[in-house]
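A look at the structure
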Amino acid sequence: MGKIIYQAAARHLTPVTLELGGKSPALVLADCHIPVTARRIVWAKFLNAGQTCIAPDYVLVDRSVEGPFLEALKSEIRRQHPAGKELRENYLRIINQANFTRLERLLETSPVSFGGERDPGGRVIEPTLLHPVGFGDEIMQEEIFGPLLPVVPFDQLEEAVDEVRNRPKPLACYIYSRNRKTVRTLLRQLSFGGGAVNESVMHMVNAQMPFGGVGFSGIGSYHGEAGFRCFSHEKSILKKPARFEPPFKYAPYTPGKKKLFQRLLE
């Protein structure tokens, strides 16, 4: 859709700002605070039933903490989205039938480890964990935009980074780790629109921080001053009095004028 809009704008040389989306990863490292990490990811992922452009699209988790992290995710889903009446009152429907049908197709071809119940009549899919998931699975080939969270374990952080870098640049990226050096390295290695460390989604809340994508996740950024500059044209105007005009500006360009000009530059 972004390409279609860009092509239409190009015919009229109309500038564009595109906020598109993509598969935004959450990297969960072995040294993270697991209960807090699970709580923040569950909130961010299932906010608006997963239908936000900066939701964590999938989780990359160090295999050494895979088990405890999965249990923490399940516990948080039960706490934040309890089944029954409370789920109906505090949860949202899938936006339309087309997206519901697409999500059902992805759900049917994925390994469900928690949740998975749906109500076609109400267009509701409960918070769902998919595990174990690999990068070759169908769920990993497109942005999910729904309450399905794939959990992808990794053995070496370098391998996980390579998998992210080999795919289109995401709109957001979230890193959960207490090792500042590792975090700095990851922020240098990965290209994405914006993100957070030990948090998800909340970087968009600050209206003064520029928000936008890079590459396939978008063009340009807005919010605060960045928004003013993005949607404005900075028109430069030079105003000059007519009382004096330097002669060396005009031809013929003699050796004397050249020396004078060089002296002014010094």
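All figures in this text were calculated on a predicted structure; none of them were measured in a lab. Position numbers for residues start from 1 in each chain and track the written sequence from start to end. Given that the model is predicted, a residue must reach a pLDDT of at least 70 before its local features are reported, and side-chain atom pairs must reach 80 or more before they are shown or counted; all residues, however, enter totals for whole chains, interfaces and linings. The side-chain numbers reported here are obtained from all heavy atoms of the structure, hydrogens and water having been left aside.

**Thoughts on the overall build of the protein chain**
Numbering of helices and strands runs from the N terminus; a helix is a DSSP stretch of H or I covering at least four residues, while a strand is a stretch of E covering at least two. Scanning the protein chain from N- to C-terminus turns up 9 helices and 13 strands. A principal-axis box enclosing the C-alpha atoms of the protein chain has dimensions of 85 × 40 × 30 Å. Among the 266 residues that make up the protein chain, the fraction classed as buried is 41%. Here a residue-residue contact requires only that any non-hydrogen atoms of the pair lie within 4.5 Å. In the protein chain, of all internal contacts separated by at least 6 residues, the share reaching a separation of at least 24 is 63%. Positive charges come from Lys and Arg alone, negative charges from Asp and Glu alone, with His and the N- and C-terminal ends not counted. Where a charge sits is defined by one atom per residue type, namely NZ (Lys), CZ (Arg), CG (Asp) or CD (Glu). Averaging the coordinates of the 35 positive side-chain charges in the protein chain and doing the same for the 28 negative ones gives two points 14 Å apart. Each residue is placed in one exposure class: buried if its accessible area under a 1.4 Å probe, protein chains only, is under 20% of its type's maximum, exposed if it is over 50%, and partly exposed if it falls in between.

**Re unusual backbone geometry**
The omega angle of the peptide bond from His-131 to Pro-132 is -5°, so this bond is cis rather than trans. When you line up the elements, Pro-132 lands in the loop between β7 (128-130) and β8 (148-154). The peptide bond linking Ala-251 to Pro-252 adopts the cis configuration, its omega dihedral lying at 5°. Along the chain, the position of Pro-252 falls in the loop between α8 (224-230) and α9 (255-265).

**Focus: the nonpolar core**
Nonpolar cores were defined as sets of buried Ala, Val, Leu, Ile, Met, Phe, Trp, Tyr and Cys residues, with membership established by side-chain atoms within 4.5 Å. Grouped together as the largest cluster of nonpolar side chains are 61 residues, with contacts concentrated most on Ile-41, Leu-60, Phe-69 and Leu-148. Considering every element that reaches this core, the biggest residue donor is helix α2 (residues 34-46), with 6 residues. For Leu-60, the residues in contact, after removing those within four places along its chain, are Ala-26, Leu-27, Val-28, Phe-135, Val-152, Phe-154, Ala-160 and Val-164.

**What about the state of the cysteines?**
We call a pair of cysteine sulfur atoms a disulfide when they lie within 2.5 Å. Considering all chains together, one arrives at 0 disulfides under this definition. Of the cysteine sulfurs around Cys-32, a residue in no disulfide, the closest is that of Cys-173, at 14 Å. Cys-230 carries a free sulfur, and the closest cysteine sulfur to it, the one in Cys-53, is 15 Å from it.

**Digging into the sheet that holds strand β4 (residues 112-114)**
On the basis of which strands lie adjacent, the open sheet formed by 7 strands has the order β4-β7-β8-β3-β2-β9-β10 and mixed pairing. Only two strands of the sheet have a single partner each, and these edge strands are β4 and β10 (194-197). Put simply, the sheet's adjacent strands are angled 25° from each other on average, direction ignored. In terms of strand pairing, strand β2 (residues 25-28) meets strand β9 (residues 172-176) through 3 bridges, oriented parallel. Note that in β9 the partner of Ala-26 across the bridge is Tyr-174. In short, DSSP must find at least two bridges between two strands for them to pair. What counts as an axis is a line fitted to C-alpha atoms, over the stretch in contact for a helix, and the angles between N-to-C directions run from 0 to 180 degrees.

**Quick look at a positive patch on the surface**
Patches draw on residues past 30% relative accessible area with no salt bridge. Two like charges within 9 Å are joined, as are two nonpolar side chains (Val, Leu, Ile, Met, Phe, Trp, Tyr) within 5 Å. Accessible surface is estimated by sampling points in the Shrake-Rupley manner with a 1.4 Å probe; for residues, cover comes only from the protein chains shown. By definition here, a salt bridge exists when the distance from a side-chain nitrogen of Lys or Arg to a carboxyl oxygen of Asp or Glu is within 4 Å. Together, Arg-180, Lys-181, Arg-184 and Arg-188 make up a region of like positive charge exposed at the surface. Relative to the elements of secondary structure, Lys-181 occurs in helix α7 (residues 180-189). Residue Lys-181 is classed as exposed on the basis of its relative accessible area, which comes to 60%.

**A word on the pattern of salt bridges**
Applying the stated criterion to the full structure yields 16 salt bridges. Arg-79 is the partner of Glu-76 in a salt bridge, and the nearest nitrogen-oxygen pair spans 3.2 Å. One end of the pair, Glu-76, and the other, Arg-79, are both in helix α3 (residues 66-80), 3 residues apart, so they sit about a helical turn from each other. For Arg-79, a relative accessible area of 49% translates into the label partly exposed. The salt bridge partner of Arg-105 is Glu-138, with a shortest N-O separation of 2.3 Å. With a gap of 33 residues between them, Arg-105 in helix α5 (residues 97-108) and Glu-138 in the loop between β7 and β8 connect regions that are remote in the sequence. Residue Arg-105 is classed as partly exposed on the basis of its relative accessible area of 34%. Taken together, the salt bridges that share partners define one network made up of Arg-102, Arg-105, Glu-138 and Glu-142.

**Brief notes about the packing of α2 against α3**
Contact geometry of α2 with α3 gives a least axis separation of 8 Å together with a crossing angle of 55°. Between α2 and α3, the interaxial angle falls into the category oblique. In this structure, α2 meets α3 at a crossing whose hand is right-handed. On α3, the residues that touch Ile-34, Thr-37, Ala-38, Arg-39, Ile-41, Val-42, Trp-43 and Phe-46 of α2 are Pro-68, Phe-69, Ala-72, Leu-73, Glu-76, Ile-77, Arg-79 and Gln-80. Residue composition of the contact of α2 with α3, grouped by class: 11 nonpolar, 2 polar and 3 charged. Any angle that falls under 35 degrees is termed roughly parallel, while one over 145 is termed roughly antiparallel, one within 65 to 115 roughly perpendicular, and all others oblique. By definition, any crossing whose near helix is turned counterclockwise from its far helix by less than a right angle is left-handed, and any crossing with a clockwise turn is right-handed. Under the scheme applied here, ten amino acids are nonpolar (Ala, Val, Leu, Ile, Met, Phe, Trp, Tyr, Cys and Pro), four are charged (Asp, Glu, Lys and Arg), and all others, including Gly, are polar.

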